[in-house]
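# Report on the structure
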2 protein chains.
Amino acid sequence: MNIGAAAELTSLPAKTIRYYEEIDLINPARGDNGYRHYNEQDVNLLRFVQRARSLGFSIEQCRNLLSLYSDKDRASADVKKLAEHKISEIDQKIEELQSLRTTLKNLADQCHGDHRPDCPILDGLAENNS
Amino acid sequence: MNIGAAAELTSLPAKTIRYYEEIDLINPARGDNGYRHYNEQDVNLLRFVQRARSLGFSIEQCRNLLSLYSDKDRASADVKKLAEHKISEIDQKIEELQSLRTTLKNLADQCHGDHRPDCPILDGLAENNS
DNA sequence: GCTTGACCTTCCTGTTGGTGGAAGGAATAG
DNA sequence: CTATTCCTTCCACCAACAGGAAGGTCAAGC
């Protein structure tokens, strides 16, 4: 099938699929007319990447997962390690965001939010300490 | 003071400070030798941006905040609105990360994590549904 | 006066993960 | 035969800087 159909099936933009080929992630066959030709396996791999990306794996991690995926002799421990590493990354990110939210909320709560020009948020941002 | 001293005082890399000038965010004076010269006010603005950035505001939002900051007639409501928008952005991001974490954790928990070649994580990624 | 080293300048490239668009060839429908 | 759609490549751009090369400047020490 052509790139358009593959895009449809994977919910990936054609541009992105071409990009994945450019960075040597998923290489389809080519027809005589130069068109990319995707088979079922290609589409599966694309979907695999699409899912992994949406779970927050970077392209390089996807490349890693793909090679583990096609390597029949790999240990599932390798994959589990990658997933757990990712989970702790996510945990850290969540914590950062929560502390950030707290700070911002404190500032916003102190702001009376009317048309008076003094604003604790800006004052908070402008303060020398913290 | 020169850029190095300003960098020291604001905990921003000199590279970043130059970049902020390039994008017309904070424009210092220049000495006869072409060196950038930062006064107290410049340093305050840089610190302001540094703090806003660390709270997750984008450069464009910082530009907005800066203009509100120097506009004596602005209503604090404008600023509060920006802050609250940011908070809801953060909330959404946190939710996404949490759902992502759940999915990933489920997959990882099903993985026995030894050297057997079957791996629920990869299988989960390769599945056609969800 | 000279050298050394730290600091400054601009310019160019690369990062991550794509997106947008132009120019032109190929397939298909009427 | 033409119109439209799909495909191709290539080039540029986004955030928000970081790294490094090549060269100018300044202050200290001898």
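Summary of the structure given here.

Conventions used here
- Residues numbered from 1 in each chain as written.
- Chains lettered and ligands numbered in written order.
- Predicted model: local features only at pLDDT ≥ 70, side-chain atom pairs only at ≥ 80, totals over all residues.
- Heavy atoms only, no water.
- Near = heavy atom within 4 Å.
- Polar contact = N/O pair within 3.5 Å; in protein donor to acceptor, adjacent residues only side chain to side chain.
- Helix = DSSP H or I, 4+ residues; strand = E, 2+ residues; numbered from the N terminus.
- Contact = heavy atoms within 4.5 Å.
- Core = buried A, V, L, I, M, F, W, Y, C linked by side-chain atoms within 4.5 Å.
- Buried < 20%, exposed > 50% of the residue type's maximum accessible area, 1.4 Å probe, protein only.
- Salt bridge = Lys/Arg side-chain N within 4 Å of Asp/Glu carboxyl O.
- Nonpolar A, V, L, I, M, F, W, Y, C, P; charged D, E, K, R; others polar.
- Least-squares fit on C-alpha atoms with pLDDT ≥ 70 in both.

## Some details on the protein's contact with DNA strand D
Close to DNA strand D lie 18 residues; Gly4 and Arg36 of chain A together with Lys15, Thr16 and Tyr20 of chain B are nearest. When atoms of DNA strand D within 4 Å of the protein are sorted by moiety, sugar and phosphate together comprise 69%. One of the side-chain nitrogen or oxygen atoms of Arg53 of chain B is found 2.9 Å away from a phosphate oxygen of DNA strand D. Sorting the residues of the surface near DNA strand D by element identifies α1 (3-10) of chain A together with α2 (14-22) of chain B as the ones contributing at least two each.

## A closer look at the environment of Leu68 of chain A
Residue placement: Leu68 of chain A occurs in helix α4 (residues 59-70). Once residues lying within four places of it in the same chain are set aside, the contact partners of Leu68 of chain A are Arg74, Asp78 and Val79 of chain A together with Leu122 of chain B.

## Let's talk about the nonpolar core
Leu65 and Ile121 of chain A together with Leu65 and Ile121 of chain B are the most contacted members of the largest nonpolar core, which has 79 residues in total. Residues within four places of Ile121 of chain B in sequence aside, it is in contact with Val79, Lys80 and Ala83 of chain A together with Leu107, Ala108 and Cys111 of chain B.

## Regarding the pattern of salt bridges
Side chains that differ in sign of charge can pair as their charged atoms come close. In the structure shown here, the tally under the stated rule is twelve salt bridges over all chains. Close ionic contact of Glu89 of chain A with Lys86 of chain A constitutes a salt bridge, the shortest N to O distance being 2.9 Å. Note that Glu89 of chain A and Lys86 of chain A are positioned in helix α5 (residues 76-110) at a spacing of three residues, about one turn of the helix. Its relative accessible area of 7% is what places Lys86 of chain A among the buried residues. For the salt bridge of Asp91 of chain A with Arg101 of chain B, the shortest nitrogen-to-oxygen distance reads 2.4 Å. Of this pair, Asp91 of chain A sits in helix α5 while Arg101 of chain B is found in helix α5 (residues 76-110), placing the two residues in two different chains. A cluster of three or more residues bridged by salt bridges with shared partners is formed by Glu21, Arg30 and Arg36 of chain A.

## Thoughts on the side chain of Arg36 of chain A
All names here are of chain A. Following the sequence through the fold, Arg36 ends up in strand β2 (residues 36-37). Side-chain polar atoms of Arg36 contact the side chain of Glu21, separated by 2.4 Å. Apart from residues no more than four positions distant in its own chain, Arg36 is found in contact with Met1, Asn2, Ile3, Arg18, Glu21, Pro28, Ala29 and Arg30.

## As for the protein's contact with DNA strand C
Residues in contact with DNA strand C amount to 18 residues; listed here are only the nearest, Lys15, Thr16 and Arg53 of chain A together with Gly4 and Arg36 of chain B. Contacts to DNA strand C include Tyr20 of chain A, whose side-chain N or O atom sits 3.0 Å from a phosphate oxygen. Take Arg30 of chain B: an N or O atom from its side chain is 3.1 Å from a phosphate oxygen of DNA strand C. For the surface near DNA strand C, the secondary-structure elements that each account for two or more residues are α2 (14-22) of chain A together with α1 (3-10) of chain B. For the surface near DNA strand C, the element with the highest residue contribution is α2 of chain A, accounting for four residues. For the surface near DNA strand C, the residue count by class is seven nonpolar, six polar and five charged.

## Comments concerning the relation of the copies chain B and chain A
With an RMSD of 0.2 Å, the fit of chain B onto chain A corresponds to turning through 180 degrees and sliding 0.1 Å along the axis. Put plainly, the chains are arranged around a two-fold axis. Ranked by how close their C-alpha atoms come to the rotation axis, the residues of chain B are headed by Ile94 of chain B, at 2.9 Å.

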